[in-house]
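Structure assessment
Each chain is listed here by its residues.
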Amino acid sequence: MQVAVVGITGYAGMVLYQLLRQHPEVDGINLYDHKLTKNEKLSEMVPAFYTDETFVQPYSPDSIMADNQLVFFATSAGVTSKLSRPYIEADFPVIDLSGDLRLNDEAEYERWYHKPSASKQALNSAHYGLADFESAHEQKYVANPGCYATATLLGLAPLVQADLIDPDTIIVDAKSGTSGAGKNPAQSTHFTQANDNLQIYKPNQHQHIPEIMLELQHWNDHVKAIQFMTTLIPITRGIMSTIYAKVEPGVDAKQIDRAYKQTYEGKPFVNYTGEHLPDIKQVVGTNNCNIGVVYNPVTGTVMADSVIDNLLKGAAGQAVQNFNQMFDYQETSGLELQTFLP
Ligand SMILES: NC(=O)C1=CN([C@@H]2O[C@H](COP(=O)(O)OP(=O)(O)OC[C@H]3O[C@@H](n4cnc5c(N)ncnc54)[C@H](OP(=O)(O)O)[C@@H]3O)[C@@H](O)[C@H]2O)C=CC1
Ligand SMILES: CC(=O)N[C@@H](CCC(=O)OP(=O)(O)O)C(=O)O
């Protein structure tokens with residue numbers, strides 16, 4: 001299998017390339033960059049790959065479709081809304097790590113992303129690839145979920161699917177390391193500002209709210225809204241999504257425990273840890289989502305703590321999981337990773 005990657009100079013693209021290089025079903029990887037007019041050495045463009053003799057090629061949809069069986073786009077928001085068309089028209093497989101085709105309504109995309117949307121037809125042709133619930137098998141255009149959305153949806157799924165909580169009471173307090181913001185420095189990610197600091201950002205305006213809502217409503221149409229906050233924390237990798245909700249009358253800790261065990265039994269990348277609340281370091285370096293849950297009978301509140309590595313389960317790792325599903329490879333192929341220790 002020959003695959004193409006666009007966006008190798010970005011954080012998610014670099015991590016994706018590392019995964020694909022050791023994937024047993026991938027024979028070759030062709031890299032493409034939009035700024036090039038002729039081939040350039042990867043080692044010159046991305047010094048982290050200084051021993052790699054691969055050349056990066058100028059971006060060309062015709063070459064991509066002629067020389068590969070699938071293309072991964074690890075590109076900034078607003079890119080695939082413009083570039084997806086020839087692939088969709090040719091029914092050529094795409095895995096898109098950006099948010100451009102995750103929603104199904106043009107006005108919703110423009111409201112949350114503040115950019116022109118892809119066409120309605122393109123939005124409708126994409127499959128939302130929350131890989132632990134929605135198989136990408138036989139799909140052609142996979143919109144890989146957002147990092148916060150992945151941690152939050154996996155943390156909420158058993159509660160929402162089994163109707164264990166009052167759907168009007170969901171509050172999510174999510175925190176991310178700075179690599180989630182990509183490679184371009186900003187005021188909030190400047191070392192002096194990010195280090196020794198916590199910064200709440202995009203209050204009630206985060207672009208992952210609408211994709212979370214779409215999936216929650218797909219599971220349970222009683223969910224009308226969520227309260228969702230994001231905080232930038234001084235670590236490089238990792239997301240913790242802390243989720244609170246009031247349980248429905250009569251629901252107890254045992255029922256909640258049973259729902260998580262049943263939902264995640266047999267899912268290789270989701271580990272339910274019961275009342276042992278996971279920390280971010282447990283999953284950094286892996287494609288895992290670890291979820292711990294505690295119930296407070298005094299307030300009738302359940303709290304789920306869901307952690308992922310934003311660049312793996314939240315981006316490149318889930319993209320490879322979707323790739324495995326698309327081509328019927330073993331779900332864990334290329335993803336048998338170990339936590340960075342200590
Ligand atoms: N970082 C994360 O944790 C996560 C990121 N994502 C999403 O994945 C995508 C990549 O994220 P990330 O790697 O962090 O972002 P970066 O900003 O680090 O990298 C973006 C990449 O897109 C390329 N690019 C920018 N404009 C264009 C264009 N017009 N045509 C083609 N390529 C272009 C950049 O190339 P150049 O060298 O020119 O800048 C770069 O390679 C984004 O859509 C992001 O929102 C999703 C989940 C998690
Ligand atoms: C820390 C940080 O800034 N994180 C980014 C996550 C972006 C991301 O995951 O990109 P998509 O919108 O393509 O999913 C943010 O909150 O916007």
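Summary of the structure given here. (Residues numbered from 1 in each chain as written. Chains lettered and ligands numbered in written order. Predicted model: local features only at pLDDT ≥ 70, side-chain atom pairs only at ≥ 80, totals over all residues. Heavy atoms only, no water.)

1. Description of the sheet that holds strand 13 (residues 270-272)
Our working rule: We call two strands paired when DSSP finds no fewer than two bridges between them. Helix and strand definitions here come from DSSP, where helices need a minimum of 4 consecutive H or I residues and strands a minimum of 2 consecutive E residues; each element is numbered from the N-terminal end. Axes, fitted as lines to C-alpha atoms, cover a helix only where it is in contact. Angles between the N-to-C directions of the axes lie from 0 to 180 degrees. Two residues form a contact once any of their heavy atoms are found within 4.5 Å.
Judged by pairing direction, the sheet is mixed, and its 7 strands sit side by side in the order 10-11-9-12-15-14-13 without closing on themselves. The open sheet has two free edges, formed respectively by strand 10 (199-201) and strand 13, since each of these has just one partner strand. With strand direction ignored, the average angle separating the axes of adjacent strands in the sheet is 20°. Relative to strand 15 (residues 301-308), strand 14 (residues 289-296) is paired through 7 bridges, and the arrangement is antiparallel. In the strand pairing of strand 15, V294 is matched with M303. Set on the sheet, helix 8 (residues 147-161) makes contact with strand 9 (171-176), strand 10, strand 11 (227-232), strand 12 (239-246), strand 13, strand 14 and strand 15; between it and strand 12 the angle comes to about 35°.

2. Some points on the site of ligand 2
What counts here: We call a residue near a molecule or strand whenever a single non-hydrogen atom of that residue lies within 4 Å of it. Contacts described as polar in this section are N or O atom pairs within 3.5 Å, which, within protein, must combine one atom able to donate a hydrogen with one able to accept it, while residues neighboring in sequence count only if both atoms come from side chains. Here the open area of atoms and residues is found with the Shrake-Rupley method and a 1.4 Å probe, where only the protein chains shown may cover a residue. When residues are sorted by character, Ala, Val, Leu, Ile, Met, Phe, Trp, Tyr, Cys and Pro go into the nonpolar class, Asp, Glu, Lys and Arg into the charged class, and all the rest, Gly among them, into the polar class. Residue ranges assigned to the domains are those given by an automatic or database domain assignment.
Contacts to ligand 2 come from 16 residues, most closely from R102, Y201, K202, H206 and H208. At a separation of 2.7 Å, an oxygen atom of ligand 2 approaches a polar side-chain atom of R102. Calculation on ligand 2 without its partners gives an accessible area of 430 Å², and the protein chains cover 84% of this total. Looking at the shell around ligand 2 residue by residue, the class counts come to 6 nonpolar, 8 polar and 2 charged. Summarising the domain contributions, the shell around ligand 2 has at least three residues from each of domain 1 (2-145 + 313-326) and domain 2 (148-309).

3. Concerning the site of ligand 1
In the neighbourhood of ligand 1, 23 residues make up the surrounding shell, with T9, A12, H34, T75 and N310 lying closest. In the model, an oxygen atom of ligand 1 is placed 2.6 Å from a nitrogen or oxygen of the T75 main chain. Its free accessible area being 900 Å², ligand 1 has 83% of it covered by the protein chains. Mapped onto the shell around ligand 1, the elements with two or more residues apiece are helix 1 (11-21) and helix 12 (312-326). Residues of the shell around ligand 1, tallied by class, amount to 9 nonpolar, 12 polar and 2 charged. In terms of domain composition, the shell around ligand 1 takes at least three residues from each of domain 1 (2-145 + 313-326) and domain 2 (148-309).

4. Quick look at unusual backbone geometry
In plain terms, the rule: Residue burial is assigned from relative accessible area. The probe radius is 1.4 Å, only protein chains are included, and a residue is buried under 20% of its type maximum, exposed over 50%, and partly exposed in between.
The step from L341 to P342 runs through a cis peptide bond, and the omega angle for that step is 0°. Phi is positive for H114, close to 55°, though the residue is something other than glycine. As for its position among the elements, H114 is in the loop between helix 6 (106-113) and helix 7 (120-125). For H114, a relative accessible area of 65% translates into the label exposed. For D328, which is not glycine, the phi dihedral falls at a positive 60°. Topologically, D328 is positioned in the segment after helix 12.

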